[in-house]
Each structure stands twice: as structure tokens, then as C-alpha cells.
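So you can see what is in the structure, the chains are spelled out below.
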Amino acid sequence: MWKWEGENAKGTIVIVHGAAEHHGRYKWLIEMFRMHGFHVVAGDLPGQGTTSRSRRGHIDSFDEYIEAVASWVHEASVYEQPVFLLGHSMGGLVVIRTLQEKRLPVRGVILSSPCLGLVHYPSKALEIASRILNVIHPKKRFPSGLTVEMATRNEEVREMDKNDSLYVTKMSVRWYRELVKAIRIAHEKMADLPDVPMLVMQAGDDKIVDKSAVKSWFDQLAISEKVYKEWPKLYHEIFNEPEREQVFLYAYTFLTLQLQRGELIDRPNKSF
């Protein structure tokens, strides 16, 4: 886990990366938040990035992700400022599952193309095979099927990813089964989510996550304050797309509004 401090910070952002990647791919976003008055906390999820190379692409349980993110939030609370969670893709799913299982001091949540359904699932034969392998050989790894071309239209980011030695190219059978299970639970346990303001931003031309599943989940979300924003023509990684400055501005506006709302709640009797 790493920390980046912003000048005159008014809040702290905890960033949770997606499948196969790592926190280093968020350098631009981290710097943008720092420049706009936020501390940032981020780390690499178990089996990814700089974590144990012997377990790259593998987890025994999705709970490993939940515990990691919970620890990052607690670390962010040390700054004694409002804490916000931002999760991208599988990181968005991890954020959802973490909030369903734990009560954390979070002021607001941003989900970026959250993995609540996939565009492409394995064939029925492979699905059956994965269930069998999950019992007899759960660490068996297969190509993830994810490519940089599917993730973003940004040529600069594509070139960086092709030369990124930390990018995970194979995922284990257990990882896949745990992902599918987490997606199912995220839909089943919607009532367990805390009433925390949430912004869901979805890529309009997502080639990885099923945007209809994301919208369906959002429509059923029973919280007091929620916003859904779809970005037409953008690929999966909206914070890496050529239009990312617009995406950041939208997210920053949401965060600013939550901070202002919090000030009013904290000081309800203030005279103007």
C-alpha cells in the first residue's frame, strides 16, 4: 500500500484497481487528485502487481480482496478527513462487496465500469470444466483473454501496457470462480449496502463489462443519493481514455458536492 499527500487536502481517495493490473497504472489519476486537494491511498490487490509473484493471478477467496481494501480504508482514516472509495472494473466489484460485508467510515463511492457482469463468458463446456478444476486443480492458470486494445483507445496507454512486466496475463481457475461468485453475491445482497452517496460511471462502448448488467444493478440500488453517468463511445477504462479529463472533472464535481454536503451536516446551525 502507498500514500500520496495533496497540498491543503480536504479529503482522501482510496483507489482500487481492476483485474490483471496494478496501482501504477493510475499515476495520472493520482496526480490529478493530489493537484485538486486530495490525499490518495492505493495498493496492489493480492496476486497482482507487486504482491507475491508465486500467486500471480490467483486467490483462494475473494475475501482476500475485501480484507485488503478494508485495511486501505482504515489507513486512509488516519488523515482524519472524509474518505472516498474509487473502484475500477473488478476493483468496483471489490468495493461493492467490501461495503456489503463491512461497515467502513466512507463519505462517498465512485464506481468506474464496475464488473457486475461480463460481455463474454466461457462456453458451457469450459464453464463445467472450470467447476471441476476448481476442486482438483484450483491454481491452474489460463490466459485471461483481456487485451489492452479492449480496454482503451488511448494509444499512449496501450504502448505502456504492452511493456508493463507487472501486468498479469494468466488467471487461475479459482480466481475466475471467485469472480463469478462475487458478481452473483453483489446482486443478491444489494440491501446490505450502506446508504452512502454513489456515482456510477460506465463506459458506453465497453468491450469487457456488460453495461446492461451495471445499469440493472444501479436501477435496483435503494440508497438516498445515486448518480449514473454513461460515457458514449468510451472504452472500458474511462480514466485512461482520450476524454479522461472530462471524466475526472465529473468525478471531482461529485466529490466536491459530497464535501460541501458534509460541511452542512456537520454545521447545521451555522448562520449565513
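As shown above, the structure is provided for reference.
Note that the structure is a prediction, hence the values are computed from the model and not measured.

Now for the nonpolar core. With 56 residues, the main nonpolar core has Leu 85, Leu 93, Val 109, Trp 175 and Trp 217 as its most contacted residues. Non-local contacts of Leu 85, meaning those with residues more than four positions away in its chain, are made with Val 14, Val 16, Val 69, Val 73, Val 95, Leu 99, Val 106, Gly 108, Val 109 and Ile 110.

The buried fraction of strand 8 (residues 198–203) is high, at 6 of 6 residues. Residues Met 198, Val 200 and Gln 202 line one face of strand 8 and the alternating positions Leu 199, Met 201 and Ala 203 line the opposite face, and both faces are buried. Where strand 5 (residues 108–112) and strand 8 come together, 4 bridges link them in parallel fashion. Within strand 8, the residue paired with Ser 112 across the bridge is Met 201. Here strand 8 pairs with strand 9 (residues 226–231) via 6 bridges, running parallel. Opposite Leu 199, over in strand 9, you have Val 227 as the bridge partner. Once the chain exits strand 8 it traverses helix 8 (residues 211–219) before rejoining the sheet at strand 9, and the crossover so formed is right-handed.

Turning our eyes to something else, we now look at the layout of surface pockets. In this structure, the largest pocket encloses a volume near 830 Å³. Looking at the lining of the largest pocket, the elements with two or more residues in it are helix 4 (124–136), strand 6 (141–143), helix 5 (148–151), strand 7 (170–172) and helix 7 (173–188). Split by residue class, the lining of the largest pocket holds 22 nonpolar, 10 polar and 3 charged. Estimated volume of the second largest pocket: approximately 340 Å³. Lining the second largest pocket are 20 residues, with Gly 24, Arg 25, Tyr 26, Met 160 and Asn 240 sitting closest to its centre. Looking at the lining of the second largest pocket, the elements that each hand over two or more residues are helix 1 (27–35) and helix 6 (155–162).

Read from one edge of the open sheet, 7 strands run 1-3-2-4-5-8-9, paired in mixed fashion. Because the sheet does not close on itself, it has two edges, and the strands there are strand 1 (2–4) and strand 9. Taken over all neighbouring pairs, the strand axes of this sheet differ in orientation by 15° on average, direction set aside. In the packing of helix 1 onto the sheet, contacts are made with strand 1, strand 2 (11–16), strand 3 (38–42) and strand 4 (83–88), and the angle to strand 3 comes to roughly 150°.

Here we take up the packing of helix 3 (residues 90–101) against helix 7. Their axes nearest at 10 Å, the elements helix 3 and helix 7 cross at an angle of 55°. Considering their axes alone, helix 3 and helix 7 lie oblique with respect to each other. Seen from above, helix 3 lies across helix 7 with left-handed handedness. Along the contact surface, helix 3 presents Met 90, Leu 93, Ile 96, Arg 97 and Gln 100, while helix 7 presents Trp 175, Leu 179, Ala 182, Ile 183, Ile 185 and Ala 186.

Among the residues making up helix 1, those that are buried are Leu 29, Ile 30, Met 32 and Phe 33. The arc that holds every buried residue of helix 1, seen down its axis, measures 160°, which confines them to one face. Counted as exposed and oriented over 90 degrees from the buried face of helix 1: Lys 27 and Met 35. Where helix 1 terminates, the next one or two residues include Gly 37, which has phi positive at roughly 85°.

Conventions used here
- Residues numbered from 1 in each chain as written.
- Predicted model: local features only at pLDDT ≥ 70, side-chain atom pairs only at ≥ 80, totals over all residues.
- Heavy atoms only, no water.
- Core = buried A, V, L, I, M, F, W, Y, C linked by side-chain atoms within 4.5 Å.
- Buried < 20%, exposed > 50% of the residue type's maximum accessible area, 1.4 Å probe, protein only.
- Contact = heavy atoms within 4.5 Å.
- Helix = DSSP H or I, 4+ residues; strand = E, 2+ residues; numbered from the N terminus.
- Pairing = 2+ DSSP bridges.
- Right-handed = clockwise from strand over helix to strand, strands pointing away.
- 1 Å grid on protein atoms, 1.4 Å probe; cavity = no way out; pocket = protein on both sides within 12 Å on 5 of 7 lines; lining within 4 Å.
- Points joined across faces, edges and corners; volume = space filled by probe spheres on them.
- Nonpolar A, V, L, I, M, F, W, Y, C, P; charged D, E, K, R; others polar.
- Axes fitted to C-alpha atoms, helices over the stretch in contact; angles between N-to-C directions.
- Parallel < 35°, antiparallel > 145°, perpendicular 65-115°, else oblique.
- Left-handed = near helix turned anticlockwise from the far one by under 90°.
- Arc of directions from axis to C-beta.

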